[in-house]
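# A closer look at the structure
Spelled out from the first residue to the last, the chains are:
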Amino acid sequence: MELSHEDVKKILEIVDASEHLHEVELVYGGFRLHVRRGAAGVTALADDRAAFAPAAKPAVAVGAPPSSAKLAPEPALAEGEVAIRAPMLGTFYRSPSPGDPPFVEIGKRVQADDTVCVIEVMKLFSSIKAGVDGVVMRILVENGIMVEFNQMLIVIATSQ
Amino acid sequence: MPAINRLFVANRGEIAVRIVRACERLGIEAVVAVSEVDRNSLPAQLATRAVCIGPAAAGQSYLRAETLVAAALGSGCQAVHPGYGFLSERARFARMCEDAGLLFVGPRPESIEAMGEKLAAVRIAEQAGVPRVPGSDRIETIEDAHRAGEHIGYPLLIKATAGGGGRGMRLVQAARDLAGAIESAASEARAAFGDPTLYIEKFISRARHVEVQVLGDGKGHVVHLGERDCSTQRRYQKLIEEAPSPAIDDRVRHRMCEAAVRLAAQVTYRGAGTVEFVYDPERREFYFLEMNTRIQVEHPVTEMVTGRDLVAEQIRIAAGEPISFSQEEVELRGHAIECRINSEDPASNFMPCPGRIETWNPPPTDDQVRVDTHCYSGYVVPPHYDSLLAKLIVHARDRSSAIRSMSEALAAFRISGVTTTIPFHREVLRHDDFRNAAIHTRWVDQEFMPAMSTTKSGARAALARAAG
């Protein structure tokens, strides 16, 4: 969805008219509109992670958080590479059923609509598509392992 | 006896931190479920492992029973602690855990079901000889409602059998308002719970909310850990809780705790639960309201006066162990008060204020001052969940010392970046009605806030003064 100039104007009018509203954030699919009263103005951000970026003033380091986050570092992507991520938590399978050959192997050429793996959540299987045309470069997860939401699964080198 | 060496925490925020700490004490590994915005949360950092279960919206993460069960199994856990809120009182989730071979840290699904349906719970209470608020059976028609109204008398309360949090609830002053209130309550209940069934109870004015903490071993043995008084509420949301209740004497306390134990024993209750009562200070009578089948937000005040770790006890019971102490060993010492510090603006109708916490500087803690929280300097309070930042709990030898100690702790609590309810708490604590235990469950709404905000600027000034 795209917001038109007219839509943004309407939203601003609503914010302006309401006494208690200081800040509005609209998220629709990958689109994000962030409106704040006062100096900050309007920002439209495509990337979710930027929404709560640190304020200019650094935080005072009292009661600071423990430093070690429990996050495995994500593998780096080379130029032209795209990672297929898990759209849900579940068990990762490389083949449609045990004994069947895997959907893809390293070096295989895939099209956006090809299934590359399935994820199972309590007997419910979801097919995961490549999403892009290209060649399978890396398979990051072992068969039968639980993957987390948004975890990188397979790296594809896109063919332009 | 099934041993637990890894436990799945199906919750977030301060209660997730609380559960992780209990696991540490018991030598159990904790795996915490996190949504995408909670990946770096304090519970995630303290736990053995964090598992990302979905995007920020609770409906796609913390409320997804299937995903949580898959995550608990996939991370090799033997038990699931649901905390409070989210799926903690969904019988279906408890059943799914058990069907998957996971121990559910809570009551059996049948107990959750029975207590979740308010009229069924009232019937169980009656069977156990626990008095209910004078009231009706289910209301099918407007004629039913009028008959019940005549019988019970006005003012009365309309309630939803599937109810909770004040939704589907209406106060009716006179018979002429009944039909309209029934209609709007039914549609609100249908929207909120998918069930429009209503019943009617007598409205007890100037009532206090007093509740009893119980623990059951699931084999028929139940102990109580005294009561909590949660009368400082705003729109049915508790703000300040204390133990013991300043409004009841030992005789009432004894009867109330005995009633709670009988009720829990009636359903062979397993785990931690709370039996809530309406207390009428004029008649010195209490009436059963409902039973909450989970650990509650305000459990620390009970822990402070009893010296018992309720969350550790919950986990032990889930593992099939007996309750680690007897009723005779439960001793109530001194007085404890808890203030819920929310990121809300009391001067703007308690509007939630999510955002980045720049300074988080709680008062020094020791065995008399406790802070349960998931916040720290630089933490971003996400807009997707509730606004609870911290629970500040103090313990002292008596109530007036506890009020003094709480006032000092609130004054020392420095938070910047988000607006909080600290100034509100400071004003309540210095109010004579609170100090004299002369408040009731509608006092904040009907007396305290209106007096504070005769003019909006007056309220701001008062709250700013309290903040300074």
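Owing to the predicted nature of the structure, the values given are computational and were not obtained by experimental measurement. (Residues numbered from 1 in each chain as written. Chains lettered and ligands numbered in written order. Predicted model: local features only at pLDDT ≥ 70, side-chain atom pairs only at ≥ 80, totals over all residues.)

### Here's the deal with the overall build of chain A
For the record, the criterion: Numbering of helices and strands runs from the N terminus; a helix is a DSSP stretch of H or I covering at least four residues, while a strand is a stretch of E covering at least two. By definition, residue pairs are in contact when their C-beta atoms, positioned from the backbone, come within 7 Å.
Helix and strand counts for chain A come out as 1 helix and 11 strands. Along chain A, helices and strands appear, N-terminal first, in the series α-β-β-β-β-β-β-β-β-β-β-β. Summarising the internal contacts of chain A: among those between residues at least 6 apart in sequence, 53% fall at separations of at least 24.

### With respect to the pairing of strand 3 (residues 49-54) of chain B
Residues and elements named next belong to chain B. Just so we agree on the cut-off: Working definition of burial: number of other C-beta atoms within 10 Å of the residue's own, with buried at 20 or more, exposed at 12 or fewer, and partly exposed in between, all C-beta atoms being placed from the backbone. DSSP bridges decide pairing: two strands pair if at least two such bridges lie between them.
Buried residues dominate strand 3, accounting for 5 of its 6 residues. Bridge count between strand 2 (residues 29-35) and strand 3: 5 bridges; the pairing is parallel. Paired with Val 31 across the strands is Arg 49, a residue of strand 3.

### Let's talk about the nonpolar core
Residues and elements named next belong to chain B. So the rule is basically this: Working definition: the nonpolar core is a set of buried Ala, Val, Leu, Ile, Met, Phe, Trp, Tyr and Cys residues, joined through C-beta atoms within 7 Å.
Among the nonpolar cores identified, the biggest contains 111 residues, and Phe 8, Val 9, Val 32 and Ala 33 are the most heavily contacted of them. Not counting chain neighbours up to four residues away, the residues in contact with Val 9 comprise Ala 16, Ile 19, Val 20, Ala 30, Val 31, Val 32, Ala 33, Pro 43, Ala 47 and His 81. By size, the runner-up hydrophobic cluster in this structure holds 41 residues, among which are Leu 239, Leu 410, Phe 434 and Met 452.

### Examining the domain arrangement of chain B
Many structure descriptions define interface size as the accessible area lost when the parts assemble. Under the convention used in this document: These domain limits were set by an automatic method or by a database of domain assignments.
For chain B, the assigned domains are domain 1 (6-105), domain 2 (134-202) and domain 3 (208-467). Taken over C-alpha atoms, the centre of domain 2 of chain B sits 28 Å from the centre of domain 3 of chain B.

### Examining the environment of A:Gln111
Residue and element names in this part refer to chain A. Among the secondary structure elements, Gln 111 is positioned in the loop between strand 6 (109-110) and strand 7 (115-121). On the neighbour-count criterion, Gln 111 (12 C-beta atoms within 10 Å) is exposed. Between the C-alpha atoms of Gln 111 and Ser 159, which are 48 residues apart in sequence, the distance is 9.8 Å. What Gln 111 contacts, discounting residues up to four positions off in sequence, is Ala 130 and Asp 133.

### Remarks on the sheet that holds strand 4 (residues 81-85) of chain A
Residues and elements named next belong to chain A. Pairing is antiparallel in the open sheet, where 4 strands are placed in the order 4-11-9-6. Of all strands in the sheet, those with a lone pairing partner are strand 4 and strand 6, marking the two edges. Two strands pair when backbone bridges link them, and strand 6 and strand 9 (residues 134-139) are joined in this way by 2 bridges, in the antiparallel orientation. In the sheet register, Val 110 faces strand 9, and the bridge partner there is Gly 134.

### Observations regarding the pairing of strand 5 (residues 90-93) of chain A
All names here are of chain A. Across 2 bridges, the pairing between strand 5 and strand 10 (residues 146-147) is antiparallel. Looking at the pairing, Gly 90 lines up with Val 147 of strand 10. Bridge count for strand 5 against strand 7 is 3 bridges, and the pairing is antiparallel. Bridging from a neighbouring strand, Phe 92 pairs with Ile 119 of strand 7.

### Some remarks on the sheet that holds strand 14 (residues 335-342) of chain B
All names here are of chain B. Which entries qualify depends on this criterion: Here an axis means a line fitted to C-alpha atoms, over the contact stretch when the element is a helix, while the angle between two N-to-C directions is reported on a 0 to 180 degree scale.
The strand order 13-12-9-10-11-14-21-19 describes an open sheet built from 8 strands, whose pairing is antiparallel. Because the sheet does not close on itself, it has two edges, and the strands there are strand 13 (285-292) and strand 19 (369-373). In this sheet, neighbouring strand axes are inclined to one another by 25° on average, regardless of whether the strands run parallel or antiparallel. Bridge analysis of strand 19 against strand 21 (residues 388-396) gives 5 bridges, and the strand direction is antiparallel. Across the sheet, residue Val 371 finds its bridge partner in strand 21, namely Leu 392. Sheet contacts for helix 9 (residues 250-266): strand 9 (208-217), strand 10 (222-234), strand 12 (270-280) and strand 13; angle to strand 10, the most-contacted strand, approximately 110°. Sheet strands touched by helix 10 (residues 299-306): strand 9, strand 10, strand 11 (237-243), strand 14, strand 19 and strand 21. Its angle to strand 10, the strand with the most contacts, is close to 130°.

### Digging into the packing of helix 12 (residues 399-412) of chain B against helix 13 (residues 422-429) of chain B
All names here are of chain B. How we decide: Any angle that is under 35 degrees is reported as roughly parallel, and any over 145 degrees as roughly antiparallel; angles of 65 to 115 degrees are reported as roughly perpendicular and all others as oblique. Definitions for this section: a left-handed crossing has its near helix turned counterclockwise from the far helix by less than a right angle. A right-handed crossing has that turn clockwise. In this classification, Asp, Glu, Lys and Arg are treated as charged, Ala, Val, Leu, Ile, Met, Phe, Trp, Tyr, Cys and Pro as nonpolar, and every other residue, Gly included, as polar.
Look at helix 12 against helix 13: their axes get within 10 Å of each other, and the N-to-C directions meet at 155°. Considered as vectors, helix 12 and helix 13 are oriented roughly antiparallel to each other. In terms of crossing hand, the pair formed by helix 12 and helix 13 is left-handed. Touching Ile 403, Met 406, Ser 407, Leu 410 and Ala 411 of helix 12 are Ile 422, His 425, Arg 426 and Leu 429, all from helix 13. Of the residues assigned to the contact of helix 12 with helix 13, the class counts are 6 nonpolar, 2 polar and 1 charged.

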